[in-house]
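Descriptive analysis of the structure
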Number of protein chains: 2
Amino acid sequence: MRPWCCHFVMADTGWPGCATSLKGVILDMCGVLYDSGEGDGVAIPGSIEAVKKLKASDLQLRFCTNETQAAREKFVATLQRLGFDILVSEVFSPAPAAVAVLQERGLRPHLLVSDGLLPEFDSVDKTNPNCVVIGDAAEQFTYQNLNDAFRVLTGLEKPVLFSLGQGKYYKETDGLKLDVGAYMKALEYACDLKAEVVGKPSATFFQSVLNDMGLQPHEVLMIGDDLVNDVGGAQHCGMKGIQVRTGKYRPSDERHSTVTADGTVDDLAQAVDTLLNQRL
Amino acid sequence: MRPWCCHFVMADTGWPGCATSLKGVILDMCGVLYDSGEGDGVAIPGSIEAVKKLKASDLQLRFCTNETQAAREKFVATLQRLGFDILVSEVFSPAPAAVAVLQERGLRPHLLVSDGLLPEFDSVDKTNPNCVVIGDAAEQFTYQNLNDAFRVLTGLEKPVLFSLGQGKYYKETDGLKLDVGAYMKALEYACDLKAEVVGKPSATFFQSVLNDMGLQPHEVLMIGDDLVNDVGGAQHCGMKGIQVRTGKYRPSDERHSTVTADGTVDDLAQAVDTLLNQRL
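Residues numbered from 1 in each chain as written. Chains lettered and ligands numbered in written order. Predicted model: local features only at pLDDT ≥ 70, side-chain atom pairs only at ≥ 80, totals over all residues. Heavy atoms only, no water.

1. Some remarks on the overall build of chain A
In terms of helices and strands, chain A carries nine helices and 14 strands. In terms of overall dimensions, chain A is globule-like: its C-alpha atoms have a radius of gyration of 19 Å, near the 19 Å expected for 280 residues. Oriented by its inertia axes, the alpha-carbon framework of chain A measures out at about 60 × 40 × 35 Å. When contacts within chain A are restricted to residue pairs at least 6 apart in sequence, long-range pairs at least 24 apart make up 66% of them. The average position of the 26 basic charges and that of the 37 acidic charges among the side chains of chain A differ by 2 Å. (Helix = DSSP H or I, 4+ residues; strand = E, 2+ residues; numbered from the N terminus. Rg over C-alpha atoms; globule rule 2.2 N^0.38 Å. Contact = heavy atoms within 4.5 Å. Lys, Arg positive; Asp, Glu negative; His and termini not counted. Charge placed at Lys NZ, Arg CZ, Asp CG, Glu CD.)

Right, here's the structure in full:
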């Protein structure tokens, strides 16, 4: 077995000492379960088995992703094809959360999202838009499309921008790619406004997952590859947050100025084995 | 003659009271002389005549632009075709300033600029890049191109990003368009760095124009349509700054939280007539 960093082996209230009192686990998806990329992407070694072990345990399990390139049904199907035992009902993503906010506030969005995400907004009135929703539009982040969103915002008396996550970048099989957060910042600067983030690290978003589990924050552990949005966001809600050294992990994360993970593990397989061993 | 706003009619040390002590004028180009757009764009009414009047006066005249879509020779030729009496030697723009910085610091750029600007960098070694230069790439701000620049930066131990200006947007004949500053912010956020701005509002850039004129800041007036980069930048150097209500001007500029123009005029023609009348 690989050695643990001393800073969390020594702390019983921390990870993995906290394992015995846990009742639930939330897993990030991209970069923890799989690396996205051409076709379906590829499963990260050991992660399919790790999900199986968690499901066979007495822990509740949910998946919490900022994935906004495809509608939930579609990317869950992709993960099922890769071999993961995952149901749509177990997965929380920003688009359905955004739809709820739009309907609650009577807002009609101009959408700057990938074509794959559009079905999530089928039920939403998009005529005469009075806000903008930006997701990970990837190749559809053209100059023209960003200008269109910019012009909608500058034309509004009270411009409102929703961003489906605020990630800086993510890893695909062929390298790092810019995430929605970079384009959110571009529009924030051009329009002199602050976006409302829907998805991780929003506390509202994490709380909706906890509500679904019926658990308190201290009973739940978040495992992700994004130090700020997964680990920091979960910690901000009172959960423990573990970072995996897969996906977008970079060694500099372990010297981050504001966020310190409760533990850092090589991959999901190592996290789950340690967690379940502690509970024996 | 149209009325002046009271806040500068009353102040003798301000505009237009300062006109008698002036020895030089610096003009922004796009939005002051012309609106860019399809073909050569269009001259703003009265501006061709206003430049003629300034050239016939005893004031020194320079042009200072953050234009980075085309090489200097090319966009000066465009303005000449529109009818302006302008020479390349009178025009200061960010690309030649950036080339000087790159050569001084021995840096080899990865360029994220429009094809039209590439000739400005002909003399620069671009192999094995150790920095990124971003300009107003417009349609070439594709997801792929922004990712390429992002990957160069994340691959460097000490990433350096030069931005040719930091404008938020500009006005073309068919509407407002995002400027380089928005994309600079996207890369700053994604890479956790601060760009070095070459061009307005950099004090170094304005100082190079003053040096060329052989004048002190208090002897020179800047006229522009960009409150922050033209007016604020000039004021930061000790010059007076006047904003025209053409180009990217928006009424909210007159209530800006940090920058207050020394005067606001309808257009360049009005600014020049007032200036020269005061000197009679």
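2. Some points on unusual backbone geometry
Here lysine 200 of chain A and proline 201 of chain A are connected by a cis peptide whose omega angle stands at 5°. Mapped onto the elements of the fold, proline 201 of chain A is located in the loop between strand E11 (196-198) and helix H7 (203-213). The phi angle at asparagine 128 of chain A is positive, at roughly 45°, despite the residue not being glycine. In this structure, aspartate 192 of chain B takes a positive phi of about 55° despite not being glycine. Relative to the elements of secondary structure, aspartate 192 of chain B occurs in the loop between helix H6 (180-191) and strand E11 (196-198).

3. A look at the relation of the copies chain A and chain B
The pair of chain copies shares a relation made of a rotation about an axis and a shift along it. With an RMSD of 0.0 Å, the operation that places chain A on chain B is a rotation of 180° combined with a shift of 0.0 Å along the axis. Viewed as a symmetry operation, the transformation between the two copies matches a two-fold axis. When you check the interface residues of chain A against chain B, 100% turn up at the interface there too, and the contact is symmetric in its surfaces. (Least-squares fit on C-alpha atoms with pLDDT ≥ 70 in both.)

4. Observations concerning the pattern of salt bridges
All names here are of chain A. Per the counting criterion, the structure on display carries 36 salt bridges over all chains. One salt bridge connects aspartate 85 with lysine 55, and the closest N-O pair in it is separated by 3.6 Å. Of this pair, aspartate 85 sits in the loop between helix H3 (72-82) and strand E5 (91-92) while lysine 55 is found in helix H2 (residues 47-56), placing the two residues 30 residues apart along the sequence. Residue lysine 55 is classed as partly exposed on the basis of its relative accessible area, which comes to 26%. Between lysine 200 and aspartate 230 there is a salt bridge, with the nearest N and O atoms lying 2.7 Å from each other. Of the two residues, lysine 200 sits in the loop between E11 and H7 while aspartate 230 sits in helix H8 (residues 227-236), which places them 30 residues apart along the sequence. Like aspartate 230, lysine 200 is buried. A single network of salt bridges, built from pairs that share partners, joins Asp28, Lys200 and Asp230. (Salt bridge = Lys/Arg side-chain N within 4 Å of Asp/Glu carboxyl O. Buried < 20%, exposed > 50% of the residue type's maximum accessible area, 1.4 Å probe, protein only.)

5. Examining the pairing of strand E13 (residues 240-244) of chain A
Residue and element names in this part refer to chain A. Burial within E13 is extensive, with four of its five residues counted as buried. Alignment of strand E12 (residues 220-224) against E13, held across four bridges, turns out to be parallel. Opposite methionine 222, over in E13, you have glycine 241 as the bridge partner. Crossover handedness for the path E12 to H8 to E13: right-handed. (Pairing = 2+ DSSP bridges. Right-handed = clockwise from strand over helix to strand, strands pointing away.)

6. A short note on the packing of helix H5 (residues 143-154) of chain B against H6 of chain B
Helix packing geometry: the angle between the two helix axes and the distance between the axes. Residue and element names in this part refer to chain B. Put simply, H5 and H6 touch, their axes get as near as 10 Å, and they point 40° apart. Between H5 and H6, the angle is such that the two are oblique. As for the relative orientation of H5 and H6, their crossing is right-handed in sense. Residues Leu146, Ala149, Phe150, Leu153 and Thr154 of H5 lie in contact with H6, whose contacting residues are Tyr183, Ala186, Leu187, Ala190 and Cys191. Looking at the contact of H5 with H6 residue by residue, the class counts come to nine nonpolar, one polar and no charged. (Axes fitted to C-alpha atoms, helices over the stretch in contact; angles between N-to-C directions. Parallel < 35°, antiparallel > 145°, perpendicular 65-115°, else oblique. Left-handed = near helix turned anticlockwise from the far one by under 90°. Nonpolar A, V, L, I, M, F, W, Y, C, P; charged D, E, K, R; others polar.)

7. Overview of the environment of glutamine 278 of chain B
With respect to the helices and strands, the residue glutamine 278 of chain B is situated in helix H9 (residues 268-278). As a C-alpha pair, glutamine 278 of chain B and glycine 181 of chain B span 97 residues in sequence and 37 Å in three-dimensional space.

8. What about the layout of surface pockets?
All names here are of chain A. The computed volume of the largest pocket comes to approximately 800 Å³. Along the wall of the largest pocket there are 44 residues; nearest its centre are Ser36, Glu67, Gln69, Asp136 and Glu172. Elements with a minimum of two residues in the lining of the largest pocket: strand E2 (34-35), H3, strand E9 (169-172) and H8. The biggest single contributor to the lining of the largest pocket is H3, with four residues. (1 Å grid on protein atoms, 1.4 Å probe; cavity = no way out; pocket = protein on both sides within 12 Å on 5 of 7 lines; lining within 4 Å. Points joined across faces, edges and corners; volume = space filled by probe spheres on them.)

9. Comments concerning the side chain of glutamate 90 of chain B
All names here are of chain B. By secondary structure assignment, the location of glutamate 90 is in the loop between helix H3 (72-82) and strand E5 (91-92). A polar contact of 2.9 Å, which involves the side chain of glutamate 90, links it to the backbone nitrogen of leucine 87. Discounting chain neighbours no more than four positions away, the residues touching glutamate 90 are Lys55, Arg62, Phe63 and Asp85. (Polar contact = N/O pair within 3.5 Å; in protein donor to acceptor, adjacent residues only side chain to side chain.)

10. Comments concerning the nonpolar core
Ranked by size, the top nonpolar core spans 55 residues in total, and within it Leu146 and Tyr183 of chain A together with Leu146 and Tyr183 of chain B carry the most contacts. Beyond its immediate stretch of four places on either side in the chain, tyrosine 183 of chain B contacts Tyr143, Leu146 and Tyr183 of chain A together with Ile134, Phe141, Leu146 and Leu178 of chain B. (Core = buried A, V, L, I, M, F, W, Y, C linked by side-chain atoms within 4.5 Å.)

11. Here's the deal with the packing of aromatic side chains
Taken as a whole, this structure holds eight aromatic pairs over all chains when the rule is applied. With a centroid separation of 3.7 Å and 5° between ring planes, the pair formed by phenylalanine 141 of chain A and tyrosine 183 of chain A is classed as stacked. With phenylalanine 141 of chain A in the loop between strand E7 (131-134) and helix H5 (143-154) and tyrosine 183 of chain A in helix H6 (residues 180-191), the pair connects residues that are 42 residues apart, well separated along the chain. Residue classification places phenylalanine 141 of chain A among the buried residues on the basis of a relative accessible area of 1%. Taking 6.3 Å as the distance between ring centres and 40° as the angle between the ring planes, the aromatic pair formed by tyrosine 143 of chain A and phenylalanine 141 of chain B counts as tilted. (Phe/Tyr/Trp six-rings, centres within 6.5 Å; stacked < 30°, edge-to-face > 60°.)

12. Description of the interface of chain A and chain B
Listed by partner, the interface residues are 30 residues for chain A and 30 residues for chain B. Buried surface at the junction of chain A and chain B, both sides included, amounts to about 2800 Å², of which 59% is carbon and sulfur. By the criterion of area lost to chain B, the three top residues of chain A are Tyr143, Leu178 and Tyr189 of chain A, representing 31% of everything that side buries. On inspection of chain A and its partner chain B, the count reaches two salt bridges. Across the chain A-chain B interface, the total number found is 14 residue pairs in polar contact (both at pLDDT 80 or more). (Buried area = accessible area lost by both parts, 1.4 Å probe.)

Read these as layout, nothing more, since geometry by itself doesn't imply function.
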